[in-house]
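Inside the fold
Here's the letter readout for the chains.
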Amino acid sequence: MSVALGITRPPLVRTIPIDHSGDLVARLPQAPPYAWVHRGEGLVAWGEAARVTVPPGPGRFDWARAWLATAFGEARVDDDVSVPGSGPVAFGSFTFDPDAPGSVLVIPRVVLGRRNGRAWLTTIGEPPMELMAPPSSPGRVVYGDGSLTAPGWQHAVGRAVGEIRSGRLEKVVLARDLVATAERNIDVRLLLERLASAYPDCYTFSCAGLVGATPELLVRHTGKAVESLVLAGTTYRGSSPEEDRAQAAALFASRKDRYEHACAVASVRETLTPLCASLTVPDEPELLVLPNVQHLASRVRGRLADGASVLDVVAAMHPTAAVGGTPTAVALEVIRELEGMDRGGYAGPVGWIDGRGDGEWGIALRCAQIQGRRARLFAGCGIMGDSDPAAELAEAQAKFRVMRHALES
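What comes next is a walk through the structure. (Residues numbered from 1 in each chain as written. Predicted model: local features only at pLDDT ≥ 70, side-chain atom pairs only at ≥ 80, totals over all residues. Heavy atoms only, no water.)

1. As for the overall build of the chain
Within the chain, the secondary structure is distributed over nine helices and 23 strands. Compactness check: the chain gives a C-alpha radius of gyration of 21 Å against a globular reference of 22 Å for 409 residues, within 12% of the reference. Dimensions of the chain, computed from C-alpha atoms along their principal axes, come out at roughly 60 × 50 × 40 Å. Sorting the 409 residues of the chain into buried and exposed places 56% on the buried side. For the chain, contacts bridging at least 24 residues in sequence account for 75% of all contacts bridging at least 6. Carbon together with sulfur atoms contributes 51% to the accessible area of the chain, which is approximately 16,100 Å² in total. When the 42 positive and 46 negative side-chain charges of the chain are each reduced to one mean point, those points stand 2 Å apart. (Helix = DSSP H or I, 4+ residues; strand = E, 2+ residues; numbered from the N terminus. Rg over C-alpha atoms; globule rule 2.2 N^0.38 Å. Buried < 20%, exposed > 50% of the residue type's maximum accessible area, 1.4 Å probe, protein only. Contact = heavy atoms within 4.5 Å. Areas by Shrake-Rupley, 256 points an atom, 1.4 Å probe, with all protein chains shown as cover. Lys, Arg positive; Asp, Glu negative; His and termini not counted. Charge placed at Lys NZ, Arg CZ, Asp CG, Glu CD.)

2. Examining the pattern of salt bridges
By the definition in use, this model includes 27 salt bridges. With a shortest N-O distance of 2.7 Å, Glu395 and Lys399 are connected by a salt bridge. Placement of both Glu395 and Lys399 in helix H9 (residues 389-408) is noted, with a separation of four residues, approximately one turn of the helix. For Lys399, a relative accessible area of 7% corresponds to the buried category. A cluster of three or more residues bridged by salt bridges with shared partners is formed by Lys171, Lys256, Asp257, Glu260 and Glu392. (Salt bridge = Lys/Arg side-chain N within 4 Å of Asp/Glu carboxyl O.)

3. What about the environment of Arg356?
Position of Arg356 among the secondary structure elements: in the loop between strand E20 (349-354) and strand E21 (359-363). Note on Arg356: relative accessible area 40%, which makes it partly exposed. A sequence separation of 267 residues divides Arg356 from Val89, and the C-alpha atoms of the two residues are 9.4 Å apart. Apart from the residues within four sequence positions on either side, Arg356 is in contact with Asp79, Ser82, Val83, Pro84, Gly85 and Ser86.

4. A look at the state of the cysteines
Taken as a whole and assessed by the stated rule, the structure comprises zero disulfides. Considering cysteine sulfurs only, Cys381 is the nearest to Cys263, which forms no disulfide, with 16 Å between them. Its relative accessible area of 10% is what places Cys263 among the buried residues. (Disulfide = S-S within 2.5 Å.)

5. A word on the pairing of strand E6 (residues 89-93)
Burial of E6 is extensive: five of the five residues sit out of reach of the surface. Burial along E6 is two-sided: the residues Val89, Phe91 and Ser93 and Ala90 and Gly92 are all buried. For E6 and E20, the ladder comprises five bridges, and the chain directions are antiparallel. Paired with Gly92 across the bridge in E20 is Gly351. Of the pairings in the sheet, the one linking E6 to strand E7 (residues 104-107) comprises three bridges and is antiparallel in character. Bridge assignment links Ser93 to a residue of E7, and that residue is Val104. (Pairing = 2+ DSSP bridges.)

6. Focus on the environment of Pro128
Considering the arrangement of structural elements, one finds Pro128 in the loop between strand E9 (118-124) and strand E10 (141-145). Given a relative accessible area of 27%, Pro128 falls into the partly exposed group. In the structure, Pro128 is positioned ten residues away from Arg118 in sequence and 24 Å away in space, judged by C-alpha atoms. Those residues in contact with Pro128, other than ones at most four positions away along the chain, are Trp46, Gly47, Arg109 and Val110.

7. What to know about the packing of helix H4 (residues 188-198) against H9
Following both chains from N to C, one finds H4 and H9 inclined at 125°, their axes separated by 8 Å at the closest point. Judged by the inter-axis angle, H4 sits oblique to H9. In terms of crossing hand, the pair formed by H4 and H9 is right-handed. From H4, Leu191, Arg194, Leu195 and Ala198 reach across to H9, where they touch Val402, Met403, His405, Ala406, Leu407 and Glu408. Broken down by class, the residue content of the contact of H4 with H9 amounts to seven nonpolar, one polar and two charged. (Axes fitted to C-alpha atoms, helices over the stretch in contact; angles between N-to-C directions. Parallel < 35°, antiparallel > 145°, perpendicular 65-115°, else oblique. Left-handed = near helix turned anticlockwise from the far one by under 90°. Nonpolar A, V, L, I, M, F, W, Y, C, P; charged D, E, K, R; others polar.)

8. A word on the packing of aromatic side chains
All chains considered together, the criterion is met by five aromatic pairs. Ring centres 5.1 Å apart and planes at 10° place the aromatic pair Tyr346 and Phe378 in the stacked group. Here Tyr346 is found in the loop between helix H8 (328-338) and E20, whereas its partner Phe378 is found in strand E23 (residues 374-383), with 32 residues between them in sequence. A relative accessible area of 3% places Phe378 in the buried class. Among the aromatic residues, ring-to-ring pairing joins Phe61, Phe94 and Trp361 into one connected group. Here Arg343 stacks its cationic end above the ring of Phe96, 4.2 Å away from the centre of that ring. In this arrangement the basic side chain of Arg404 is found over the ring face of Tyr143, its NZ or CZ atom lying 3.9 Å from the centre. (Phe/Tyr/Trp six-rings, centres within 6.5 Å; stacked < 30°, edge-to-face > 60°. Lys NZ or Arg CZ within 6 Å of the ring centre and 35° of its normal.)

Here you go:
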C-alpha cells in the first residue's frame, strides 16, 4: 500500500471491536461513500488510502489481483477481530465489457463493519476529518431518454428475438438507460438510506459513484466456501396477496422464464465446477419476492479446491448468462450491436475483498451512476425467442422503479 500511496513507511491498518448496533449507513459522513449492506449488516467506508483505475482488457482481473497483493502485502496489520471484512479492505467496481475503461479499486481509510452481530472499526493511518451533515434532498427530478427511446429499445428487442429465432444464439440480455436530472447535487448517502430501508433483502452498494440495490449475489467467499445466488426469470408484484400468488404460479409455469433460468444456472455450474472440490446446485428454483418484482432464484454452494480468492472466482464467473446471454461470446456481440450504449459498471461485478481473499461481490443491477445533479439509471431484461417487446419494456420500467424510488421519495 505504500507504493500505491507514494510513501516509504508501510501504513498501519488497525481493526478494533466496537459497540455499534445502529444503522451502518447513517454513520457515513459527508464524503464519497463506499457501502455493501444486506439486512443491516455489511461494510460502509469513506476516505481513500489508495485508489487505482484498472486497465481494460482480458487481463484486467489478473492486474487487479497483482495490485491488491502489493497494496495489502505492504500494510502493517493489527487486527483484533479477524473475521471476513476486518483488516484492510478494497471496494471495487468492474465494467461489464472487459474492453471498456472505468474499472476501479479503492482501499478506504475508514471501514465500519458488522457481521453476525459483531461490529468493528478499521482505520488506515490517520483517519480523515469527518463532516457529519445530514443527507440533503436532490429536490425535483426530471427524466429523459438515455441511449434509446422506448420505441427504439422495443425495436432492438424485436431484432434480438429475430437473431435468437435464426439460431444465432439462445438468449441475450438487453439493457436500457434513463437519464435523471435533479435540482441539486445528489447525496449518495440519502440514496443508500432509502435503498437499504426499502430493499433489505438486496445488497445495497456504493462504489465510485455507482449506487444501487442488487438482488443478485455473484459470489460470497468465506475461507474455501463459496455461494452464488442466481436470478433469472421475472414477474411483477400483484396488488393483493392473491394476485401475488397468481403471478408467482404463472412465473413457475412459464416455459420462457424457466428456460431462461436454466441457462443462467448452467452458466454458473459450468464456471464453478472446475474451481470447486464439491458443488451443490438445486434441482428447482425458489421464489425471491422483492417490493417491486418476483424472481426465480437458485442458491448454488460449493467448496473451493485450492486457495483461490474471491476475485479469482469473480474473474471466472463474469459475465454470467443472467446478464449477458447464451452462448456468452455471441451474446456480447449482439449486445454491442443492439444496445447502442456503453453499460459502464452496470451488470459488472461490484463488491469488496479483504486481505485474506474473502469478500462478497454482486452484479451491479437496479443501479445508477451518479455525478453531481445527474443520474444515469439502468435496467435490463433477458430476451428469449418468444419474448414480447412490449412486455420486456414494461419489465424494464418496473426495474427502474428501484432507483426512481431512491431519488424521489
